[in-house]
Amino acid sequence: MCGLARTIEEEGLTTVLISLVREQTEPMRPPRALWVPFPMGRPFGAPDDMAFQKRVLRAVLGLAERGSGPVLDDFPDDAPGTVEEAGGWVCPVSFPSPEAEDTVTERLRREMQELRTWYDLGLERRGRTTVGSSGLPIDSITDLLIRIGDGEVSDNPRDDVDLGESVRLAVEDLKAFYYEAATAQPGSHQATADEVANWFWLQTEAGKLILNCMTVCGDSDNQALREKSVVFAPPHYQRGDGNG
């Protein structure tokens, strides 16, 4: 989007955009951007909070009054709905304790098997899913990410995008599977985005796998993998503290 914004500006039109990953936006130097400290997929903050969303919208549109930039401002406030306000949601699925000799694949497969019923229930209730952007079956997604995490420069499963984009889309699909399964369970409507994210990044094998892939890709000789690794996880989970 940063490159597209520059192209549009060259045609004489003013652009503004919202950034969810500052580390990715900053080196790309868009004409005008507002970084927001919100979870991925929520560029305007908490859903159904019209007053807060209007504040974000006014802040980003206000950048149109600035010069050609580059401008990268930070939105000053976190989105409403913190873990403390929600009372500490805990995912009702209790994963079995892994055996010492278990492989990553075995632990991940058991974890996903525990969640499969809830994912299917969520799909039935919603009538839709966000899993599928990679175009890969879920087992192929986990196989790809395990190979990447092991340091293998895997064959690209798609011929229309580079390997970095294929891995990014696989990461998004795996996250979506877990998030949709977790939020289909009883009482999950009370969970905030931060609570579900903390559960995913700090308590699941899938979260650990993605963080490992992010590190491996960041150090890879493959340029496409290095460039996309920064968007695998939000910065506070990259550090492992889980605090926004």
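Residues numbered from 1 in each chain as written. Predicted model: local features only at pLDDT ≥ 70, side-chain atom pairs only at ≥ 80, totals over all residues. Heavy atoms only, no water.

A.B. asks: Looking at this structure, I do not really get the sheet that holds strand β3 (residues 71-74). What am I missing?
C.D. replies: Pairing between the strands of a sheet is mediated by backbone hydrogen bonds and can be parallel or antiparallel. Spatially, β1-β2-β3 is the arrangement adopted by the three strands of the open sheet, whose pairing is parallel. Only two strands of the sheet have a single neighbouring strand rather than two, namely β1 (17-19) and β3. In this sheet, neighbouring strand axes are inclined to one another by 30° on average, regardless of whether the strands run parallel or antiparallel. (Pairing = 2+ DSSP bridges. Helix = DSSP H or I, 4+ residues; strand = E, 2+ residues; numbered from the N terminus. Axes fitted to C-alpha atoms, helices over the stretch in contact; angles between N-to-C directions.)

A.B. asks: Teacher, can you tell me more about the nonpolar core here?
C.D. replies: With 38 residues, the main nonpolar core has L145, V167, L174, Y178, W201 and F232 as its most contacted residues. Broken down by secondary-structure element, the contributors of at least two residues to this core are α5 (104-126), α6 (138-149), α7 (163-182), α8 (193-203) and α9 (205-218). Ranked by residues supplied to this core, first place goes to α7 with nine residues. If near-sequence neighbours (up to four positions away) are discounted, V167 is found in contact with L144, L145, I148, L225 and F232. Core analysis: the next-biggest nonpolar cluster, separate from the first, contains ten residues, V36, F38, L63 and A79 among them. (Core = buried A, V, L, I, M, F, W, Y, C linked by side-chain atoms within 4.5 Å. Buried < 20%, exposed > 50% of the residue type's maximum accessible area, 1.4 Å probe, protein only. Contact = heavy atoms within 4.5 Å.)

A.B. asks: Would you explain the pattern of salt bridges in this entry?
C.D. replies: Working definition: two side chains of opposite charge can pair if their charged atoms are close together. A complete count under the given rule lists twelve salt bridges for this structure. In this structure, D160 and R158 form a salt bridge, with 2.8 Å as the shortest nitrogen-oxygen distance. The exposed category is assigned to D160, whose relative accessible area is 51%. Three or more residues joined by partner-sharing salt bridges are found here, namely R107, E205 and K208. (Salt bridge = Lys/Arg side-chain N within 4 Å of Asp/Glu carboxyl O.)

A.B. asks: Looking at this structure, I do not really get the layout of surface pockets. What am I missing?
C.D. replies: Gaps left between atoms show up when a probe the size of a water molecule is rolled over them. The volume enclosed by the second largest pocket comes to roughly 340 Å³. As for the second largest pocket, its lining consists of 15 residues, and the residues nearest its centre are M1, C2, L17, I18 and Q24. Among the secondary structure elements, those contributing two or more residues to the lining of the second largest pocket are α1 (2-10), β1 and α2 (22-28). A total of four residues in the lining of the second largest pocket trace back to one element, the largest contributor, which is α1. The class makeup of the residues in the lining of the second largest pocket is eleven nonpolar, four polar and no charged. (1 Å grid on protein atoms, 1.4 Å probe; cavity = no way out; pocket = protein on both sides within 12 Å on 5 of 7 lines; lining within 4 Å. Points joined across faces, edges and corners; volume = space filled by probe spheres on them. Nonpolar A, V, L, I, M, F, W, Y, C, P; charged D, E, K, R; others polar.)

A.B. asks: Please explain the environment of M112 as it appears in this structure.
C.D. replies: Looking at the secondary structure, you find M112 in helix α5. For M112, a relative accessible area of 7% translates into the label buried. Remark: the alpha-carbon pair of M112 and A206, spanning 94 residues in sequence, is separated by 8.8 Å. Excluding residues within four positions of it along the chain, M112 makes contact with I138, T142, L174, F177 and Y178.

A.B. asks: Just to check I follow, could you spell out the packing of α8 against α9 for this structure?
C.D. replies: Two packed helices can be described by the angle between their axes and the distance between those axes. Packing of α8 against α9 brings their axes to within 5 Å, and their N-to-C directions diverge by 70°. On the basis of the axis angle, α8 is roughly perpendicular to α9. For the pair α8 and α9, the contacting residues are F200, W201 and Q203 in the first and E205, A206, G207, I210 and L211 in the second. Taken together, the residues that form the contact of α8 with α9 break down as five nonpolar, two polar and one charged. (Parallel < 35°, antiparallel > 145°, perpendicular 65-115°, else oblique.)

A.B. asks: I tried to follow the pairing of strand β2 (residues 32-35) on my own but got confused; where do I start?
C.D. replies: As a general feature of sheets, a regular strand has side chains that alternate between the two faces. Of the strand pairs in this sheet, β1 and β2 are connected by three bridges, and their pairing is parallel. Within β2, the residue paired with I18 across the bridge is L34. Viewed along the sheet, the connection from β1 through α2 into β2 turns out right-handed. Where β2 lies against β3, four bridges are found, and the strand directions are parallel. Paired with W35 across the two strands is D74, which belongs to β3. (Right-handed = clockwise from strand over helix to strand, strands pointing away.)

A.B. asks: Would you mind going over the confidence of the model for the chain with me for this structure?
C.D. replies: Low-confidence regions, as indicated by low pLDDT, have predicted coordinates that should not be scrutinised in detail. The predicted model of the chain averages 83 in pLDDT, with 84% of residues at 70 or higher. Confidence drops under a pLDDT of 50 for residues 82-87, and excluding neighbours within four residues, the segment shows eleven contacts in the predicted structure. (pLDDT = per-residue confidence, 0-100.)

A.B. asks: I would appreciate a short explanation of a nonpolar patch on the surface in the present structure.
C.D. replies: A surface patch of nonpolar side chains, amounting to about 420 Å² of accessible area, comprises M1, L4, I8 and L13. Tracing the chain through its elements places M1 in the segment before α1. (Patch = residues over 30% accessible without salt bridge, like charges linked within 9 Å, V, L, I, M, F, W, Y side chains within 5 Å. Areas by Shrake-Rupley, 256 points an atom, 1.4 Å probe, with all protein chains shown as cover.)

A.B. asks: What's the story with helix α3 (residues 50-62) in this structure? I'm lost.
C.D. replies: The end-to-end C-alpha distance of α3 is 18 Å, a good match for the 18 Å that 13 residues give at a rise of 1.5 Å each. Turning to α3, its buried residues number three or more, namely F52, V56 and V60. All buried residues of α3 fall inside an arc of 70° around its axis, so they share one side. What points out from α3, more than 90 degrees from its buried face, is the exposed set M50, A51, R58 and L61. Among the structural elements, β1 and β2 are those in contact with the buried residues of α3. (Expected span 1.5 Å × (residues − 1). Arc of directions from axis to C-beta.)

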